[in-house]
Every structure is written in structure tokens, then in C-alpha cells.
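Summary of structural features
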Amino acid sequence: MKVSEVRPIHEAQDMIERGLPCSRGCIVTRDELKRIVELPCVPVALSLYDKNIRTREADANQNSIKKDYAEISIDLNSLSEENREILRKKYPKQYEQALNNPNKEELKQLLSIYDILIVGVEERITKDMIIDIKTPKIIASMSIGLDHIDKECFESKLIDIVNCPNANVTSVAEHILTLMLDASKRIQEANDLVINGKPNRRLLTSKPTDINGKTIGLIGAGKISQRMVDIANLFNMPILCYTEHPENHENLIRKGVKFVELDELLQNSDFINVSVPLTNQTNNLISRDKVELLKKNATFINTSRTGVTDIQALVEFADKNPNFYLGLDIDVGEYTDLLSKRRNNVVVTPHIAGCTDDAIKRQYIECAENIVNVLEKRKEEKDIEGR
């Protein structure tokens, strides 16, 4: 995302009245921002301003009165072709800028200019970007994971980090279920038989199976895994779970979850799903040695960061065991060549699980609400200091 020139509030109002999200750089007050984010389907917020953090001068026509205002941004991918064309014609320069992600230097510049920067997982925020920061900042990530932001940013007293931990939980859980069903029902392989003119179920590598009553192993006990617990119970699946802190999730025991060590989970699960953030502790959590513990007819799914699992080892395991199924929703990156080969028992999607239309709309609203919460908290703290 790139910012553009600031434009008057009436343009933002005009966009809203026509059912469009606000265009880049429209000025709105914080009260108006709150009203806007309550509207359905309105993407928001590249840069926000709070008078208790930093103010700008209004234009000369208003005698340089200081304002409390915000800049609103849109995600072009959320718009119809018709609406994109409207923006392209009206703001050609800003439209072209919006098509490109900022590089490292541009991100550093944006962070120095603006109080709030909203990024996706492709924008890496490194410690050298914050060295010269002298005023409070908010870095908001349109994601659950925050491994693309250096730990020094979290440690800085001038920076608040917010993310969107709730918006795409349902979307990712549905994607996990989809991969489970795709594997157990042999959807991909059966479809290929029809396409290749061989519509004979006897040609399948093995017969489809049910997921009902099979054991599922959940690695991680966060929000996505908790949603998977509810789904697994619908299919009468015994549930194993590995987490470093089972004492924090005792509520899951009442839902039938049994907490076990990682090796026990890998050896005894028919379906395994990994939903953990990438940290120093989880990097290569599912190593080559761990892969060898899996059942030869299990289904393994990873919708977390690529670094959590040994992708090479998992694919090789799938190649050796035709009844083992691998479902990946990852940033393919360095594994492009490895995963470009067509396999009956490997399904890969390019990290789209949390990018449904519904999830993105929820992310916009959750992100804006979390930003406003930080601003209001800062205002309260400043009011207390001033007493």
C-alpha cells in the first residue's frame, strides 16, 4: 500500500453514499471513522491521526486550525471491476501506486511520516526501520501471525502492534475441513480421472474414506484449533491436542480434547492439523524425524507458516506412501519447483485459507476497531497524566 495526497471529506462522503469504500487519503474525523467502520463491507485505514498524538495544520482557507482527522484507504482487490474503473479514472496516479507494495525504504518513510501504518504479511517491518522514531506509532497487521514484524518493534515503548486474531478464524477452519474432505473423498484424483477420459472409480489409488470417527490431532490450541474442535465433534472424531501450555486451555477438556505430547499425537492421529505461529520455538517443529512418526495412511494439513514444517520431508513421505495425504495452504516461495509436480495425494493452495471475501471484510473492521481502541487508550492515559 502507498499513501497519496489528502483530499476533502466531501469526497469520502460521496464515495460512501455511492456504496463505495473511501478512496485513498480522504480526510475524516475520528467520530466519522467510527461511523464508517460500522458500515458493512467498508475497508478502512491506512493512516489515522489523533490530536493527542500528532496534529496537522488544516489548509489556509480554515486559518490553520488544527484538526483531529484520519486518512482512509481501500484494498483494490475488494472492489468490483466497475468500481475500480471509477477510481482509476478519477485518481490515475494514486491508482497506479496502489497496485504495488512498498519496498523497505518506502515502508520506513511511511512509518516516519505517519502515526499508523497498516501492512500485510508481505510487508516486513524490521528493527532498523524504527531507529529514528521519536513519536508514538501504531503498526497494524492484516493477519493473525506477526512473525513479519521484528521483536524490537514489540519492545519499543513508542510502538503499539495490533493484528486481526479473529477475522479469518472461521475461514481457515473451513479450509482445513475442505482439505480433510478432499483427501478422504479422493476428490482431486477422481476429478483427474474424469478429465483424462478415464471415469472409472476402480482406477483410484485407494477407495474414499469417511472422516467420521477418525482421530484428529491438533497441533496448537489457539482460536483456529478451538474452532476445529467444534467441527471435529460434529463428526464424532476423538481429538488429541499438543500445546506447550495445556493448563491455559482446560476448557477444551470439557469438549472432549485429550492433551498429549507431540510424538504421541503424530503416531496416533488419522488427521493432523498444524495451527501455530512461527516463532523460535515452533520453527521446524515438524522436522524430518517427526514426519517419520506419521501413519502411512494419515492426512497431514498445514495452514501455518511454511517454516513450521519440513515441506521437503512431507512431500517425500507422500511420494513414498501413496495412501498418505498432504494438504498445504502456504506461501509456496522456495518450494515452487517441488510442488509444481502433479500428485494424487498432495493438494497445495497458495495461502488463501484466510483470504475469503468474508474474512477480508471482517479484517478491515477488526483492524480499524483495534486501532481506535489503542488511540482511545492513549487518550485516557494522557488525560490521567494531565490531572
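Residues numbered from 1 in each chain as written. Predicted model: local features only at pLDDT ≥ 70, side-chain atom pairs only at ≥ 80, totals over all residues. Heavy atoms only, no water.

Further remarks concern the state of the cysteines. Applying the stated criterion across every chain yields a total of zero disulfides. A disulfide-free cysteine, Cys164 has its sulfur positioned 4.5 Å from the sulfur of Cys367, the nearest such atom. (Disulfide = S-S within 2.5 Å.)

Okay, the packing of helix 7 (residues 169-184) against helix 9 (residues 223-234) next. Helix packing for two helices is described by the angle between their axes and how far apart those axes are. Packing of helix 7 against helix 9 leaves a shortest axis separation of 9 Å and a crossing angle of 55 degrees. Compared by their axis directions, helix 7 and helix 9 come out oblique. Pair helix 7 / helix 9 crosses with right-handed handedness. Residues Val169, Thr170, Val172, Ala173, Ile176, Leu177 and Met180 of helix 7 pack against Lys223, Ile224, Arg227, Met228 and Ile231 of helix 9. Among the residues forming the contact of helix 7 with helix 9, the class breakdown is nine nonpolar, one polar and two charged. (Axes fitted to C-alpha atoms, helices over the stretch in contact; angles between N-to-C directions. Helix = DSSP H or I, 4+ residues; strand = E, 2+ residues; numbered from the N terminus. Parallel < 35°, antiparallel > 145°, perpendicular 65-115°, else oblique. Left-handed = near helix turned anticlockwise from the far one by under 90°. Contact = heavy atoms within 4.5 Å. Nonpolar A, V, L, I, M, F, W, Y, C, P; charged D, E, K, R; others polar.)

Let us now look at helix 5 (residues 104-113). Within helix 5, burial applies to Leu107, Leu110 and Leu111. All buried residues of helix 5 project into a common sector of 100 degrees when viewed along the axis, lining one side. The backbone nitrogen of Glu105 lies 3.1 Å from a side-chain oxygen of the residue at the head of helix 5, namely Asn103. (Buried < 20%, exposed > 50% of the residue type's maximum accessible area, 1.4 Å probe, protein only. Arc of directions from axis to C-beta. Polar contact = N/O pair within 3.5 Å; in protein donor to acceptor, adjacent residues only side chain to side chain.)

Taken in spatial order, the seven strands of this open sheet run 11-10-9-12-13-14-15, and their pairing is parallel. The sheet is open, and its two edges are formed by strand 11 (257-259) and strand 15 (346-349), each paired on a single side. With direction set aside, neighbouring strand axes in the sheet form an average angle of 15 degrees. Note: strand 9 (residues 216-219) against strand 12 (residues 271-274), four bridges, orientation parallel. Counterpart to Leu218 in the pairing with strand 12 is Asn273. (Pairing = 2+ DSSP bridges.)

Mapped onto the fold, Asn168 is located in the loop between strand 8 (159-162) and helix 7. Taking the relative accessible area as the measure of exposure, Asn168 reaches 8% and is therefore buried. Aside from chain neighbours lying at most four places away, what touches Asn168 is Ile144, Gly354, Ala359, Arg362 and Gln363.

All right, on to the pairing of strand 7 (residues 137-141) then. Among the five residues in strand 7, five count as buried, and that is most of the element. Pairing of strand 7 with strand 8, which is carried by four bridges, proceeds in the parallel orientation. For Ala140, the partnering residue across the bridge sits in strand 8 and is Val162.

Across the protein, the average pLDDT comes to 80, with 76% of residues at 70 or higher. Considering only residues more than four positions removed or in separate chains, one finds that residues 1-30, a stretch of pLDDT under 50, has 104 contacts. When the criterion is pLDDT under 50, residues 32-74 qualifies, and its contacts beyond four places in sequence or with other chains add up to 132 contacts. (pLDDT = per-residue confidence, 0-100.)

In this section: the nonpolar core. Membership of the largest hydrophobic core comes to 31 residues, with the highest contact counts inside it found for Ile219, Ile286, Leu294, Phe300 and Phe324. Taken together, the elements giving at least two residues each to this core come down to strand 10 (239-242), helix 10 (262-268), strand 12, helix 12 (311-320), strand 14 (325-329) and helix 13 (336-339). Counting residues per element, this core draws most heavily on helix 12, which supplies six residues. Discounting residues that sit within four places of it in the chain, Leu294 has contacts with Leu266, Ile272, Phe300, Leu314, Phe317 and Phe324. Grouped together as the second largest cluster of nonpolar side chains are 25 residues, Leu179, Ile211, Ala232 and Ile239 included. (Core = buried A, V, L, I, M, F, W, Y, C linked by side-chain atoms within 4.5 Å.)

Turning our eyes to something else, we now look at empty space enclosed by the protein. All chains considered together, the criterion is met by three cavities of 30 Å³ or more. In this model, the second largest cavity occupies a volume close to 40 Å³. In this structure, the second largest cavity is lined by Asp182, Ala183, Arg186, Gln188, Glu189, Tyr325, Asn344 and Val347. Those elements that place two or more of their residues in the lining of the second largest cavity are helix 7 and helix 8 (187-195). (1 Å grid on protein atoms, 1.4 Å probe; cavity = no way out; pocket = protein on both sides within 12 Å on 5 of 7 lines; lining within 4 Å. Points joined across faces, edges and corners; volume = space filled by probe spheres on them.)

Even without being glycine, Asn236 reaches a positive phi, approximately 55 degrees. Position of Asn236 relative to the elements: it lies in the loop between helix 9 and strand 10. Residue classification places Asn236 among the exposed residues on the basis of a relative accessible area of 53%. A positive phi is found at Asn284, a non-glycine position, where the angle reads about 55 degrees. Structurally, Asn284 is set in the loop between strand 12 and helix 11 (288-291).

Right, let's talk about the environment of Ile139 for a bit. Residue position: Ile139 is located in strand 7. Residue Ile139 is classed as buried on the basis of its relative accessible area, which comes to 0%. In this structure, the C-alpha to C-alpha distance between Ile139 and Phe154, residues 15 residues apart in sequence, is 9.7 Å. Leave out the neighbours within four places in its chain, and Ile139 touches Leu111, Leu117, Val119, Ile125, Ile149, Ile159, Asp160, Ile161 and Val162.

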